[in-house]
Amino acid sequence: MPTQDKCCTIVPYFNVHAGKLELFKALCEQFVDKTKEEPLCLYYGFSFDGDQVHCREGYEGAEGVLAHLANVGTLLEEALKIADLTRLEIHGPEPELVTLREQLAHLQPQFFTLEYGFRR
């Protein structure tokens, strides 16, 4: 039962530098404001456990992922001055991952292929 779902998710984890959490949270608000206008974004938000941060985000296909990264590129550069990207996963069906593997190779993510499931 292969999936027909084209959703691609970016699964980043950050470790915010000491004393920079409030500054990082201010950037999160900017990320949300910019991403809110993206038509291919399905969901987006930040979760916190102390200075560990996860961005929960899903997009309609590889096109949505690439549009998002182009949209928030400057903000991401600012965030990476005060936090380390400790883990990055990309999840999606293989036809979408084919595009993302090459485009995102410089970020060294771990790719997970979606094979079974559904989305309502």
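Just above sits the structure.
Model, not experiment: these values are computed from the prediction.

Thresholds, definitions, all that
Residues numbered from 1 in each chain as written. Predicted model: local features only at pLDDT ≥ 70, side-chain atom pairs only at ≥ 80, totals over all residues. Heavy atoms only, no water. Helix = DSSP H or I, 4+ residues; strand = E, 2+ residues; numbered from the N terminus. Rg over C-alpha atoms; globule rule 2.2 N^0.38 Å. Areas by Shrake-Rupley, 256 points an atom, 1.4 Å probe, with all protein chains shown as cover. Pairing = 2+ DSSP bridges. Axes fitted to C-alpha atoms, helices over the stretch in contact; angles between N-to-C directions.

**Student:** Teacher, can you tell me more about the overall build of the chain here?
**Tutor:** What the chain contains, in helices and strands, is 3 helices and 5 strands. Overall, the chain shows an N-to-C arrangement of helices and strands of β-α-β-β-α-β-α-β. Computed over its C-alpha atoms, the radius of gyration of the chain comes to 14 Å, within 12% of the 14 Å expected for a compact globule of 120 residues. Taking the principal axes of the C-alpha coordinates as reference, the chain spans close to 50 × 25 × 25 Å. Counting only carbon and sulfur atoms, one obtains 52% of the accessible surface of the chain, whose full area is about 7,200 Å².

**Student:** Any chance you could explain the sheet that holds strand β3 (residues 52-60) here in plain terms?
**Tutor:** Pairing within the open sheet is mixed, and its 5 strands lie in the order β2-β3-β1-β4-β5. The sheet terminates laterally at β2 (41-49) and β5 (110-113), the two strands that pair on one side only. Taken over all neighbouring pairs, the strand axes of this sheet differ in orientation by 15° on average, direction set aside. Two strands pair when backbone bridges link them, and strand β1 (residues 7-16) and β3 are joined in this way by 7 bridges, in the antiparallel orientation. Within β3, the position partnered with Asn15 by the bridge is Gln52.

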